[in-house]
Amino acid sequence: MNWLREFEAEAERRRRRDDPPWERGARLHPDVAKSVQRFQVGEAGDGANLIAKAGGGDYLAAVKLFVAEEQNHARMLAELLNAAGVPTIEQHWSDTVFVRLRRALGLRLELMVLLIAEVVALRYYRALRDGGDDPLVTQVAARILADEERHVPFHCHRLRIGFAGLPKPVRAAVFGAWRVLLLGVAVTVAADHGPALHRLGVGRLVFVADVLTAFEAALAQVRGDEPKPRPRYVPKRARPRGLV
């Protein structure tokens, strides 16, 4: 896939599309409002560190458009909070930890940490889209989720290139540590956002399990595994008589 072309096409679609109707207002339960505030902070980074590590060429151009999409998420979440009469917050400890981890080493580590955040975001925005009873909340969450569903394979593609030259034992060790970090993050988010997830109809254990499943699918893309076809289920009554 030509990722630069994909991001450019999305930028053009976004330019032509109207904003959600903020003037209608929104209803956010206090628990959900606190949760959205924290995610808004996480989306609000300027991406300067990632851009600086991206090198040049098409990948750098695509990363800049990716950062622009993340900043648009922060803007929409801020508008949503404003529509609900809820202020934004300046910072949250979870975002501070993520930023420090991402900046610790080079591009590969930054993308590994970023992919964890994106996989968590996939499940969170799906819960926000499906579990809310406010049309504006649903619309905003759906737009952000659609972007996140493109961001995950974008990062997986680059990480696949980054890991290609490593020996298999090294990759296995790195992937094992990556899983442990992902599990820790998923459990932390489930605990920190538990009241909101409960209001949205998603239990903590279900949230963690779904994040782990999504991460394994992303990890398969990083490894370059071919997708395995799902076994076809044949109802018993559909089987011809006489067959055992």
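Just so it is clear, the model here is predicted, and its values are computed rather than measured.

On to the overall build of the protein. Counting its secondary structure elements, the protein contains ten helices and zero strands. If you list the helices and strands of the protein from N to C, you get α-α-α-α-α-α-α-α-α-α. Burial statistics for the protein: of 244 residues in total, 41% are counted as buried. Across the protein, every contact between residues at least 6 apart in sequence was considered, and the portion connecting residues at least 24 apart equals 82%. Of the roughly 13600 Å² of accessible surface on the protein, a fraction of 55% belongs to carbon and sulfur atoms.

Moving on, we come to the confidence of the model for the protein. Mean pLDDT over the protein stands at 87; residues scoring 70 or higher make up 86%. Within the protein, no element has a lower average pLDDT than helix H5 (residues 93-103), which sits at 59, and none a higher one than helix H9 (residues 194-199), at 96. Low pLDDT (under 50) marks residues 229-244, which in the prediction has one contact with non-local residues, meaning those over four places away or in another chain.

This paragraph deals with the environment of Leu115. With respect to the secondary-structure elements, Leu115 resides in helix H6 (residues 107-131). For Leu115, a relative accessible area of 0% puts it in the buried group. Along the backbone, Leu115 and Phe154 are 39 residues apart, and their C-alpha atoms lie at a distance of 9.6 Å. Filtering out sequence-adjacent residues up to four positions away, Leu115 remains in contact with Val152, His155, Cys156, Leu159, Trp178 and Ala218.

This part covers the packing of helix H7 (residues 135-163) against helix H10 (residues 204-223). Contact geometry for H7 and H10: axes closest at 7 Å, N-to-C directions at 45°. Viewed along their axes, H7 and H10 adopt a mutual orientation that is oblique. In this structure, the crossing between H7 and H10 has a hand that is right-handed. Together, Val152, Pro153, Cys156, Leu159, Arg160 and Phe163 of H7 and Ala218, Gln221 and Val222 of H10 make up the contact between the two elements.

Where helix H2 (residues 30-43) contacts H6, the two axes come as close as 12 Å, and the packing angle between them is 140°. In terms of crossing hand, the pair formed by H2 and H6 is left-handed. In contact with Val32, Ser35, Val36, Phe39 and Glu43 of H2, H6 contributes Val120, Ala121, Tyr124, Tyr125 and Leu128.

Criteria and thresholds
Residues numbered from 1 in each chain as written. Predicted model: local features only at pLDDT ≥ 70, side-chain atom pairs only at ≥ 80, totals over all residues. Heavy atoms only, no water. Helix = DSSP H or I, 4+ residues; strand = E, 2+ residues; numbered from the N terminus. Buried < 20%, exposed > 50% of the residue type's maximum accessible area, 1.4 Å probe, protein only. Contact = heavy atoms within 4.5 Å. Areas by Shrake-Rupley, 256 points an atom, 1.4 Å probe, with all protein chains shown as cover. pLDDT = per-residue confidence, 0-100. Axes fitted to C-alpha atoms, helices over the stretch in contact; angles between N-to-C directions. Parallel < 35°, antiparallel > 145°, perpendicular 65-115°, else oblique. Left-handed = near helix turned anticlockwise from the far one by under 90°.

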